[in-house]
Amino acid sequence: MGLFNWKKNKAKKAEKEKEIEKDNLINDDINEQENVDIEEQQQLEQENISNEEHQSIEQEDISNEEQSLQDVNTDVIEEQVIEEDTNMEDQNDTPEEEKGKNKKGFFGKLVKGLTKTRNNILGSVDQVLNSFTKIDEDFYEELEEALIIADLGVNTAIKIMEDLKSKVKEQKIKDTAQVRELLMEELKQLMKNDGDIYDFTEKKSVVLVIGVNGVGKTTTIGKLAHQYKDNGKKVILAAADTFRAAAIDQLAEWSNRAGVELISQQENSDPGAVVFDAVQAAKARNSDILICDTAGRLHNKKNLMEELRKIFKIINREYSEAHKEVLLVLDSTTGQNALQQAKQFKDIADITGIVLTKLDGTAKGGIAIAIQTELNIPVKYIGVGEGIDDLQKFDSDDFVNALFDQ
Ligand SMILES: Nc1nc2c(ncn2[C@@H]2O[C@H](COP(=O)(O)OP(=O)(O)OP(=O)(O)O)[C@@H](O)[C@H]2O)c(=O)[nH]1
């Protein structure tokens, strides 16, 4: 294919992507409006539900919740048994050996968690690498296509290909097999984080956790609390998602599992009041890290912005000396939608880091590369399972090595 045609195709592709993005945003707006309408209607309907029905719904909710808590508890017991077994085996290890084993365990979990994504990305990338012997425009185009399909998105794929081409030229590479190495290097480079992005864990900090419903906010908070506590930090949790009693209960469950204190009030109480109490508690108990859950189900962007603004105001006024960290939690199984969500949240809050959850259950993990490249916000943590230990600091070298099965 001629260079001119190739460029024309690319321009068309970019245009198409823009259209899709526009459609998504418009759809989101429509959905938002529809959600408001539906919620208003539901509210009216709900008011009409008799008390009896109301109670039976609540009862059902409670038993569902109890069931899921039971499931979680079974997981915990199983995890503890495995942990105890491992501890028994590890008793005679030197600290260095232990470090090595931990690293291996971490990496093993990452490799396992990224299985579907690896099959997705590597499957298509390797297919291109193996089916071409010559590096030409057709090869580049197929490779770019493979990256787009693997959820890296058009913009990221174009950026990668541009860098890749100039490196191929610079290093006079002729063999497509060597392009694999270059691609790995390029991805590591793109996703590299500064070493100091976790400095907040060594300071007095307030970590505000934001994100829409169901992305894994509460689970992430539990995992973070466990991790920080394990590193000797005094942690307090604040249940500032006051919309549902179940959300508060769920956080209480995680605070028990992590063995940290929870500050909460009743359902529907003012989130600002919860944060106020939590800040006072953090100061009084000289805690290191205060992690605040927030609601993700406010009607629209304006409400959400207003709610977060109130919370920030309280933190800034009452705890100005604390470092403020804003972690946006995104569900990687939603692929490109997660990127769109991040763009919308970026307008609402000064996000300092991203937590990408559920990487273990998806083939769309390539979205981590797109998020890191397009948003310029570091992916700080990744969720690779539902257990309390299944949250890892993001390491670009490990991530790419696990992705490329190295
Ligand atoms: N496989 C997997 N599941 C996860 C991960 N993180 C969270 N989950 C699951 O995702 C589901 C939703 O998680 P929650 O923590 O309740 O999500 P949330 O954002 O707090 O949702 P709300 O409480 O409804 O606001 C739960 O079933 C979690 O176990 C992960 O990294 N991997």
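- The protein chain appears in an unreviewed UniProt entry as Signal recognition particle receptor FtsY from Vallitalea longa.
- Regarding the protein chain, the relevant UniProt record gives this comment under Subunit (unreviewed entry): "Part of the signal recognition particle protein translocation system, which is composed of SRP and FtsY."
- UniProt, in the comment section headed Sequence similarities (unreviewed entry), describes the protein chain in these words: "Belongs to the GTP-binding SRP family. FtsY subfamily."

Description of helix α9 (residues 245–258)
Moving on, step 1. In a regular helix each residue adds 1.5 Å, so 14 residues correspond to 20 Å; α9 covers 20 Å between its end C-alpha atoms and thus fits that length.
Moving on, step 2. Every buried residue of α9 is listed here: Ala246, Ala247, Ile248, Leu251, Glu253, Trp254, Ser255 and Ala258.
Moving on, step 3. Note on α9: the residue one or two positions beyond its end, Gly259, has a positive phi of about 70°.

A few points about the sheet that holds strand β8 (residues 391–393)
Moving on, step 1. Across the sheet, which stays open at both edges, the 8 strands sit in the order β3-β2-β4-β1-β5-β6-β7-β8 with mixed pairing between neighbours. With one partner strand each, in any of the chains shown, β3 (261–263) and β8 form the two edges of the open sheet. With direction set aside, neighbouring strand axes in the sheet form an average angle of 25°.
Moving on, step 2. Relative to strand β4 (residues 289–294), strand β1 (residues 205–210) runs parallel, the two sharing 5 bridges. In the sheet register, Val209 faces β4, and the bridge partner there is Asp293.
Moving on, step 3. Against the sheet, helix α10 (residues 271–284) touches β2 (235–240), β3 and β4, its axis set at about 170° to β2.
Moving on, step 4. Across the face of the sheet, helix α12 (residues 336–348) comes into contact with β1 and β5 (323–331) while running at roughly 150° to β5.

Some details on helix α13 (residues 367–375)
Moving on, step 1. Within α13, 7 of the 9 residues are buried, leaving the element largely enclosed by the surrounding structure.
Moving on, step 2. At the C-terminal side of α13, Asn376 shows a positive phi close to 60°.

Remarks on the UniProt feature "domain: SRP54-type proteins GTP-binding" (unreviewed entry) in the protein chain
Moving on, step 1. Here, UniProt's "domain: SRP54-type proteins GTP-binding" (unreviewed entry) annotation points to residues 378–391.
Moving on, step 2. Its end C-alpha atoms 16 Å apart, residues 378–391 is made of 0% helix and 43% strand.

Description of the environment of Glu386
Moving on, step 1. Summarising the element assignment, Glu386 is placed in the loop between β7 (379–383) and β8.
Moving on, step 2. Measuring from C-alpha to C-alpha, the distance between Glu386 and Thr357 comes to 9.4 Å, with 29 residues separating the pair along the chain.
Moving on, step 3. In this structure Glu386 touches Thr219, Lys223 and Trp254, once residues within four positions along its chain are discounted.

Conventions and cut-offs
- Residues numbered from 1 in each chain as written.
- Predicted model: local features only at pLDDT ≥ 70, side-chain atom pairs only at ≥ 80, totals over all residues.
- Heavy atoms only, no water.
- UniProt positions renumbered as here; feature names shortened; annotations may be inferred.
- Helix = DSSP H or I, 4+ residues; strand = E, 2+ residues; numbered from the N terminus.
- Expected span 1.5 Å × (residues − 1).
- Buried < 20%, exposed > 50% of the residue type's maximum accessible area, 1.4 Å probe, protein only.
- Pairing = 2+ DSSP bridges.
- Axes fitted to C-alpha atoms, helices over the stretch in contact; angles between N-to-C directions.
- Contact = heavy atoms within 4.5 Å.

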